[in-house]
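# Structure assessment
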Amino acid sequence: EKWKEHEHPLWKREGEIAKQNGGHGGMDYIMLYRLLQCVREGLPPDMDVYDTAAWSSVAPLSVLSVSRGSAPVQFPDFTRGKWSSRAASAIATQT
């Protein structure tokens, strides 16, 4: 119960319906809810093309690693170093 004090406001509002209607413990619902909220309100999406590229590269990099006997593989920096100066998305700073 102690963890509840750290719940995100979006999860506090939508978490129960998300758990009932979405996969992965409700996170599929939350991700789609938030994307549609950004579109409706004219906000920039929480994920950008660099996030998408990073998320999408995990599976092929894992396959490469396994094909090399589970050797480490370098994870590409799709932002060319600009990740360290990116502003946090609006959802990350909501209180």
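Residues numbered from 1 in each chain as written. Predicted model: local features only at pLDDT ≥ 70, side-chain atom pairs only at ≥ 80, totals over all residues. Heavy atoms only, no water.

### Some points on the overall build of the chain
From N to C terminus, the chain includes three helices and zero strands. Counting helices and strands in the order they occur from the N terminus, the chain gives α-α-α. The C-alpha radius of gyration computed for the chain amounts to 17 Å, which surpasses the reference 12 Å derived for 95 residues by more than 25%, pointing to a less compact arrangement than a globule. The principal-axis extent of the C-alpha atoms belonging to the chain is close to 45 × 30 × 25 Å. (Helix = DSSP H or I, 4+ residues; strand = E, 2+ residues; numbered from the N terminus. Rg over C-alpha atoms; globule rule 2.2 N^0.38 Å.)

### Description of unusual backbone geometry
The phi dihedral of serine 70 falls on the positive side, at around 65°, and the residue is not glycine. Assignment of secondary structure puts serine 70 in the segment after α3 (49-67). Positive phi is not limited to glycine here, since arginine 80 has a value of about 55°. As for its placement among the helices and strands, arginine 80 is situated in the segment after α3. Its relative accessible area of 77% is what places arginine 80 among the exposed residues. (Buried < 20%, exposed > 50% of the residue type's maximum accessible area, 1.4 Å probe, protein only.)

### Re the side chain of threonine 79
With respect to the element layout, threonine 79 can be found in the segment after α3. Side chain to side chain, threonine 79 and aspartate 77 meet in a polar contact 2.7 Å long. Residues in contact with threonine 79, not counting those within four places in the same chain, are Tyr50 and Arg86. (Polar contact = N/O pair within 3.5 Å; in protein donor to acceptor, adjacent residues only side chain to side chain. Contact = heavy atoms within 4.5 Å.)

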